[in-house]
Amino acid sequence: MGDLSIRRIEPDDEAGLLAWRGLMREGCTADRTAAWWQSPDTTLTQFAHPRADKRDIALLASLGDEAIGGAEVNIVTDAPADVELTVLPDHRRRGFGTVIARAVEELLAGQASIVQTETYSSAGIAFAESRGLVVGNQEDRLLLDLPGYLTADANRYKKDSTSPPSPAPPDLGPDMAITSWIGGCPEEIVEDWAGLREQMDEDVPLGDLTRHLKHADANALRTHEERMDEQGWILVSSLAHVDDLPVGYTEIMVSRHEPDIVIQEDTLVDRGYRGRGIGRALKVANMRQVHSVPEAASARWIQTYTAANNAPMLALNRDLGFATVDTMTALEGKVDLAS
Ligand SMILES: CC(C)(COP(=O)(O)OP(=O)(O)OC[C@H]1O[C@@H](n2cnc3c(N)ncnc32)[C@H](O)[C@@H]1OP(=O)(O)O)[C@@H](O)C(=O)NCCC(=O)NCCS
């Protein structure tokens, strides 16, 4: 094995960050179908304007002049650190991943107590386990053909339509109302939305992973909206009320820079209101809004993640036309356990 040198890319080194991002994308998405990766512009903004509670570190590993691997380390105050690590396919099983992992572990020592990582391959799972991490959760990654879905939805009531009908939202009765918006949440429901997002943090199935509860008040939400806009994200959201009570929400994110894959983010329905079709109604209403986002005109896929054991959400997603393309495995370990 030749000597591997590992260097940290400075947050203002735009060319270095772009080269690093390209390598991370290549290594982490090799052999995957329609894999999503953060756009170059979003990466530059992320490093130029770090979140107040987060440190992002980019490491590039080279053999001589040739970059062959890298890592992204996110150290978050009072939360597990996130690590993404890769070695390009031609250089695997030669111990380079281990060398990069040791550099990451040195960086994390004293900075975080728990580390988490995500992978889509058995090699990635075996590798993370070789560093002392254990599997904490698995989620299916699902894709939906967005133009196909929207065409079928628009043609649902046309008699001569050749497209298969998309499922109609059920009649939820007069007490349920959905508010949909693009961009910033309307002021009159921002407190409702903040409350539901906090509930989502508590409810989302995480398997054995350590749960980190963020306090998301209305101010924090506005900061989040500004950051997302700065990074090129258009937020497309819908919130359900039963009478005056907020009972659920869903959110889609469209990247201005790379709209090919649109991201279906969180969907939550309050426990007391599940099984009444509110989740479906929210998702259908929100996907219809994507029609009115000009940047999404060229979108090919909508992507979502659902925990492998979340049967109701998997069933709903499949019914809407989503299909599983691969499985994400999340692993976790104590920082001082790895050696
Ligand atoms: C995971 C990855 C970084 C491993 O890089 P690597 O340089 O091949 O890893 P190493 O050679 O240092 O392997 C260290 C140990 O990991 C385990 N391992 C790595 N690849 C493996 C594979 N294909 N099958 C089984 N075990 C594997 C083994 O225990 C190995 O030790 P050994 O070679 O003595 O048996 C690389 O496959 C990769 O980039 N995958 C895509 C991204 C990813 O999933 N990253 C992991 C989480 S962020």
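Here the structure is a predicted model, which means the values were calculated and not measured.

Analysis parameters
- Residues numbered from 1 in each chain as written.
- Predicted model: local features only at pLDDT ≥ 70, side-chain atom pairs only at ≥ 80, totals over all residues.
- Domains from an automatic or database assignment.
- Contact = placed C-beta atoms within 7 Å.
- Nonpolar A, V, L, I, M, F, W, Y, C, P; charged D, E, K, R; others polar.
- Helix = DSSP H or I, 4+ residues; strand = E, 2+ residues; numbered from the N terminus.
- Expected span 1.5 Å × (residues − 1).
- Buried ≥ 20, exposed ≤ 12 C-beta atoms within 10 Å, placed from the backbone.
- Arc of directions from axis to C-beta.
- Pairing = 2+ DSSP bridges.
- Axes fitted to C-alpha atoms, helices over the stretch in contact; angles between N-to-C directions.
- Parallel < 35°, antiparallel > 145°, perpendicular 65-115°, else oblique.
- Left-handed = near helix turned anticlockwise from the far one by under 90°.

Enquirer: With reference to specific residues and values, describe the domain arrangement of the protein chain.
Expert: Domain assignment breaks the protein chain into domain 1 (4-112) and domain 2 (142-326). The interface is formed by 13 residues belonging to domain 1 together with 15 residues belonging to domain 2. Partitioned by chemical class, the residues of the side of domain 1 that touches domain 2 number 4 nonpolar, 6 polar and 3 charged.

Enquirer: Residues and numbers for helix 1 (residues 14-29), please.
Expert: If you check helix 1, its first and last C-alpha atoms are 22 Å apart, about what 16 residues at 1.5 Å a residue would give, namely 22 Å. Taken as a whole, helix 1 has its buried residues at L17, W20, R21, L23, M24, G27 and C28. For helix 1, the angular spread of buried residues about the axis comes to 165°, placing them on one side. Close packing links the buried residues of helix 1 with strand 1 (4-9), helix 2 (40-48), strand 2 (54-63), strand 3 (66-76) and strand 4 (81-87). Just downstream of helix 1, D31 is the residue with a positive phi angle, here 70°.

Enquirer: Which residues make up helix 8 (residues 278-289), and what values go with them?
Expert: The terminal C-alpha atoms of helix 8 lie 17 Å apart, and with 12 residues this matches the ideal 16 Å at 1.5 Å per residue to within 8%. Within helix 8, 9 of the 12 residues are buried, which leaves the element mostly enclosed by the surrounding structure. Among the residues of helix 8, those classed as buried are I278, G279, R280, A281, L282, K283, V284, N286 and M287. Its buried side turned inward, helix 8 meets helix 5 (146-154), strand 7 (176-182), strand 8 (233-242), strand 9 (245-255), strand 10 (261-269) and helix 9 (311-320).

Enquirer: Kindly report on the pairing of strand 8, identifying the contributing residues and their values.
Expert: Looking along a regular strand, one sees the side chains alternate between the two faces of the sheet. In this sheet, strand 8 lies alongside strand 7 in antiparallel orientation, the contact comprising 7 bridges. Residue pairing for strand 8: I182 is matched across the bridge by V236. Judged from the 10 bridges that link them, strand 8 and strand 9 form a sheet pairing that is antiparallel. Pairing of V242 across the sheet is with L245, part of strand 9. The antiparallel hairpin formed by strand 8 and strand 9 contains 2 residues in its connecting segment, where D243 sits at a positive phi of about 50°.

Enquirer: So what's going on with the packing of helix 1 against helix 2? Which residues, and what values?
Expert: Contact geometry of helix 1 with helix 2 gives a least axis separation of 10 Å together with a crossing angle of 125°. Comparing their axes, helix 2 and helix 1 come out oblique. Pair helix 1 / helix 2 crosses with right-handed handedness. Across the interface between the two elements, E14, L17, L18 and R21 from helix 1 touch P40, T43, L44 and F47 from helix 2. Of the residues that constitute the contact of helix 1 with helix 2, the class distribution is 5 nonpolar, 1 polar and 2 charged.

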